[in-house]
Amino acid sequence: MNARGEQSLAQILFSQGFGTRRHCAALIDAGAVEVGGAVCDDPQRKFAVDGLVFRVEGQDWRYQARALVLLHKPAGFECSAKPRHHPSVLSLLPAPLRDRGVQPVGRLDADTTGMLLLTDDGTLIHRLTSPKHHVAKVYEVGCKHPLAADSVQRLLDGVVLDDDPHPVRALACEATGTH
């Protein structure tokens, strides 16, 4: 980007996840990209990125320096770029978001549904997930069976997860109903 906040059209498409540099140039050469309602077939033409809206293959896109997505994750998806047992939650996103490196901020189990934040901002991911920053997370859980009398205390005392030998303790926990 130059001092005036301008980038070539090919750089813009590449930064937004529309493919390799060569593929982005091919999209432009093929007349598949419009800016301001007009086809632009010059990959090197410069545009100010602030507030820029462009169209690729008939789809409108707004330039974003960073992607930040709030997604309601359905059951049956893994929060991983390389899932083992279920499809990746990333498969629910449009290709340009996947291709620009959007990642889940934290994880929800495959069976868990709920709001999930995804971004390509590595600094934000670190700030929200690193234990040294002590960012609290709040979960509302519904159980299939009624809670046992000691369920809340067991979460406060700590539970051992499959992938961590050290107990994980809830800082706070309250029952809001029987399930």
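Residue indices follow the written sequence of each chain, beginning from 1 at its first position. In view of the model being predicted, local features appear only for residues whose pLDDT reaches at least 70, and side-chain atom pairs are presented and counted only at 80 or more, with totals across whole chains, interfaces and linings using the full set of residues. Side-chain metrics in this entry use all non-hydrogen atoms of the structure; hydrogen atoms and water are not considered.

**Quick look at the pairing of strand 11 (residues 164-168)**
So the rule is basically this: Here a strand pair is declared whenever DSSP counts at least two bridges between the two strands. Runs of E in the DSSP output that reach at least two residues are strands. Runs of H or I that reach at least four are helices, and both are numbered from the N terminus.
Pairing of strand 10 (residues 159-161) with strand 11, which is carried by 2 bridges, proceeds in the antiparallel orientation. Pairing of leucine 161 across the sheet is with aspartate 164, part of strand 11. Following strand 10, the chain reverses through 2 residues before pairing antiparallel with strand 11.

**A closer look at the side chain of lysine 73**
The condition that has to hold: Polar contact is defined as a pair of N or O atoms within 3.5 Å, subject to the rule that within protein one atom must be able to donate a hydrogen and the other to accept it, and that residues adjacent in sequence are counted only when both atoms are side-chain atoms.
Relative to the helices and strands, lysine 73 is located in strand 7 (residues 68-73). Here alanine 110 takes part through its backbone oxygen, which lies 3.3 Å from a polar atom of the side chain of lysine 73.

**Some words on the sheet that holds strand 2 (residues 33-35)**
In space, the 4 strands of this open sheet follow the order 3-2-5-6, with antiparallel pairing throughout. The two strands at the open ends of the sheet, each matched to only one other strand, are strand 3 (38-39) and strand 6 (59-62). Judged from the 3 bridges that link them, strand 2 and strand 5 (residues 53-56) form a sheet pairing that is antiparallel. Counterpart to valine 35 in the pairing with strand 5 is phenylalanine 54.

**What about the sheet that holds strand 8 (residues 103-104)?**
Strand order in the open sheet formed by 3 strands is 7-9-8, with antiparallel pairing between adjacent strands. Looking along the sheet, the strands with just one partner apiece sit at the ends: strand 7 and strand 8. As judged from the 2 bridges shared by strand 8 and strand 9 (residues 114-119), these two strands associate in the antiparallel manner. Among the inter-strand pairings, proline 104 is bridged to a residue of strand 9, identified as leucine 118.

**Some remarks on the environment of alanine 110**
Selection criterion: Partly exposed residues are those whose accessible area sits between 20% and 50% of the maximum for their type, while under 20% is buried and over 50% is exposed, using a 1.4 Å probe and protein chains only. Between two residues, a contact is recorded if the distance between any of their heavy atoms is within 4.5 Å.
Among the structural elements, alanine 110 can be located in the loop between strand 8 and strand 9. Accessibility expressed as a relative area gives 17% for alanine 110, which makes it buried. In contact with alanine 110, other than residues within four places in its own chain, are Lys73, Pro74, Ala75, Gly76, Phe77, Glu78 and His86.

**Observations concerning the nonpolar core**
For clarity, the cut-off: Joining through side-chain atoms within 4.5 Å is the link that ties buried Ala, Val, Leu, Ile, Met, Phe, Trp, Tyr and Cys residues into a set, and such a set is a nonpolar core.
Formed by 18 residues in total, the largest nonpolar core has its most connected members in Leu9, Leu13 and Phe54. At the level of elements, helix 1 (9-15), helix 2 (21-29), strand 2 and strand 5 are the ones that each hand at least two residues to this core. With 4 residues, the single largest contributor to this core is helix 1. Sequence-distant contacts of phenylalanine 54, that is, excluding residues within four places in its chain, are made with Ile12, Leu13, Gln16, Phe18, Glu34, Val35, Gln59, Asp60, Trp61, Arg62 and Tyr63.

**A closer look at the packing of aromatic side chains**
Geometrically, a pair of aromatic rings is defined through the distance of the ring centres and the angle of the planes. To keep it simple, the criterion reads: Centres within 6.5 Å are what make two rings of Phe, Tyr or Trp a pair, Trp counting through its six-membered ring; a difference in plane orientation under 30 degrees is then read as stacked, over 60 as edge-to-face, and the rest as tilted.
Enumeration according to the criterion identifies 2 aromatic pairs in this entry. Ring centres of phenylalanine 18 and phenylalanine 54 lie 6.1 Å apart, and the angle between their planes is 65°; on these two criteria the pair is classed as edge-to-face. Placement of the pair is phenylalanine 18 in the loop between helix 1 and helix 2 and phenylalanine 54 in strand 5, with a sequence separation of 36 residues. Since its relative accessible area comes to 11%, phenylalanine 18 is described here as buried.

**Side note on the pattern of salt bridges**
Put simply, the rule reads: Salt bridges are identified by distance alone: a Lys or Arg side-chain nitrogen within 4 Å of an Asp or Glu carboxyl oxygen.
All chains considered together, the criterion is met by 2 salt bridges. A salt bridge links aspartate 120 to arginine 100; the shortest N-O distance between them is 2.7 Å. Here aspartate 120, found in the loop between strand 9 and helix 4 (122-129), pairs with arginine 100, found in the loop between helix 3 (95-99) and strand 8; they are 20 residues apart in sequence, far enough to count as distant. By relative accessible area, which is 15% here, aspartate 120 ends up buried. Judged by relative accessible area, arginine 100 falls into the buried class, the value being 14%.

Nothing here speaks to function; it is geometry throughout.
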